[in-house]
Every structure is written in C-alpha cells, then in structure tokens.
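This is what each chain is made of:
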Amino acid sequence: METKHKAGFVNIVGNPNVGKSTLMNALVGEQLSIITSKAQTTRHRIMGIVNGEDFQIVYSDTPGIVNPHYKLHESMMGFVDSALQDADLFLLVTEVGETLKNQDTLQKIIKSKVPIILVINKIDTSDQETILKKIEYWQNQIPRATIIPASATEKFNIDKIFDKIMELLPENPPYFPKDELTDKSMRFFVSEIIREKILLHYQKEIPYSTEVVVESYKEEDGIDKISVVIYTERESQKAIIIGHEGKPLKKVGTEARKDIEDFTGKKCFLQLHVKVLKDWRNSENALRRFGYEG
C-alpha cells in the first residue's frame, strides 16, 4: 500500500516572551529565530522546514501579539494575521503564569476550524498544582484544543508535540523543495544574529529603536565579507550603540561574527556601521525598505 505524503503549515502564535522561538528551534533543530529574555524579539514571520520521506512540516514563528504603538507594530501584527489565514494547524504557545492578552486574536483562533495544539511552555519554572490548574483553565477556554505542558529549553515533551502534529497534519504534496531549511536568506539570519546581540547588550529603548540591514554580502573562497548598517532613530541612540571608544559596538561585532561563522561554517569578515534614520518605526517608506509589509 502506497504511503500518502503529509504536508502543512504549523503556525506558532502567542504573546511576546512565552518562548515561541525557543519552541520552534527545538522542533526544527536549528536556531532560526532570535532567542533572548526580552519581549517583542521576533519582528518577521520566520519559517522553519522539517522534511521526512513522507512528510513536510512548515513551522511558522510569528511576532508576539502586541497592541500596536508604531507602524512597525502594525506591520508585525500583519504577519500574525497572515499566519491566521493560511494555517493547517495552530501551535498556540502560552506559559503557566499568563493568558493570551489579545482576545481578538484568541477568538479568531477558537472560531476557526483549524486544529489547535495549545502548549503550556516553561513548566520547569512552576509546580504541578499550578500546572494542573492552568491545564484545566485552557480546557475550559478551548475545549477542542489538545493541551500539552512542555519545556522548550529542557526539550521536555517536544516529541509529544511532534507526534501530535504528525497525527493532525493533512495530506498534501510538499510546499518547498525537500532540501530547504527555511524561506529566509542568509542575509536575513546575519541581521537577526546582530540584532540578537544588540538586544542582549543594550538596555531600555535602544534595542527596539534599532534595525539591522545587510548592505553587502560577498562570498569568497573560505571567507564571507559582510557589511552591515545598524539604524537608530536619534543621534543619542547612535552614540550609545557605538559607546565609549567604540568598545560596545566592537563586542557586538565580535560575538556576532562567531555566531555567523558557526551558522555558515565559514570564516567571516564583518563590518558594522551605525546611521540615524529618524522615526523609522513610523515611516512607511523605511518599513518597506526594511522588508516589512504595509
């Protein structure tokens, strides 16, 4: 009997800072999405593709659900809306101590006919009684959902999530070539790696007011030569990014270069420049230039 091929979009949604990206990376097996302790980390929709002989799972990590304060946020929520529209399966990620803040998005998911796996993440930070209460809460909220407590960082119940995905995945031919890992380019991941370092090393508003753009990416024998611009909204932010004697920016560059080399398997020559683009988070032209949808 011929084995039928399964394929579908497993779209990961949830609040900021619930570990969506960590969960996707655990399922895909590669660090495709930024992982930091700061909220609002993922700005784009990032796809991670897992292939087997008779299946293809297209995981889609979306920005955390926020109430928009900038045109940038509106664009980010546009990525969430697109994920709501083309999902074959929702992976709704929450954690023990929170509920989904945006009720409109939750109601759209509940009212859809798309299967739901609700993952209660970070259970390694809680106790059994609290976890059981949270499972009961979500069973009442979404009776048709499959609820799985998990810990993405500890890889607990990742196999159980995968098995349930395989059970619910529809029969389809593959959507992408079988050797593809993601829909994003190497330039995109270079910019994400650098943005991660900025999120880790700078405080307050600085990480959220910066955008990282790869201006040139030249692949040569044994080495990639990459030139990057870090955009800020104000001169004072530019001064903070560069820092005293340029040491903070140099630290970002050194750490990013190591991660880029690990990711590509090649040596990397990385140049970082800092420029000011005033109020870019509210500029439609700038957002379009940076790859955000209007």
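Residues numbered from 1 in each chain as written. Predicted model: local features only at pLDDT ≥ 70, side-chain atom pairs only at ≥ 80, totals over all residues. Heavy atoms only, no water.

Draft legend 1. Main features of the overall build of the protein chain. Check the secondary structure of the protein chain and you find nine helices and nine strands. Out of the 294 residues belonging to the protein chain, those deemed buried represent 52%. A fraction of 72% describes how many contacts in the protein chain between residues 6 or more apart in sequence connect residues 24 or more apart. Element-wise, carbon and sulfur atoms account for 48% of the exposed surface of the protein chain, whose accessible area totals about 14,500 Å². (Helix = DSSP H or I, 4+ residues; strand = E, 2+ residues; numbered from the N terminus. Buried < 20%, exposed > 50% of the residue type's maximum accessible area, 1.4 Å probe, protein only. Contact = heavy atoms within 4.5 Å. Areas by Shrake-Rupley, 256 points an atom, 1.4 Å probe, with all protein chains shown as cover.)

Draft legend 2. Structural context of the nonpolar core. Judged by nonpolar contacts, the single largest core of 28 residues is most densely connected at Val10, Leu23, Ile57, Tyr59, Leu91, Ile161 and Ile165. Of all elements in the fold, only strand S1 (6-14), helix H1 (20-28), strand S2 (46-52), strand S3 (55-61), strand S4 (89-95), strand S5 (116-121), helix H5 (158-168) and helix H6 (186-201) reach the threshold of two or more residues within this core. Of all the elements, H1 adds the most residues to this core, at five residues. The residues touching Leu23, leaving out its near neighbours within four places in the chain, are Leu91, Val93, Val119, Ala152, Ile158 and Ile161. Counting 21 residues, the second-largest nonpolar core is a separate cluster that includes Ile206, Val212, Ile241 and Cys268. (Core = buried A, V, L, I, M, F, W, Y, C linked by side-chain atoms within 4.5 Å.)

Draft legend 3. Representation of H6 in the model. Helix length check: H6, at 16 residues, gives a terminal C-alpha distance of 23 Å against a target of 22 Å (1.5 Å per residue), a fit within 8%. Counting buried positions over the 16 residues of H6 gives 12, a clear majority of the element. Among all positions in H6, only Phe188, Phe189, Val190, Ser191, Glu192, Ile193, Ile194, Arg195, Glu196, Lys197, Ile198 and Leu199 are buried. For H6, the elements touching its buried residues are S2, strand S7 (211-220), strand S8 (223-232), helix H7 (235-242), helix H8 (247-264) and strand S9 (267-276). (Expected span 1.5 Å × (residues − 1).)

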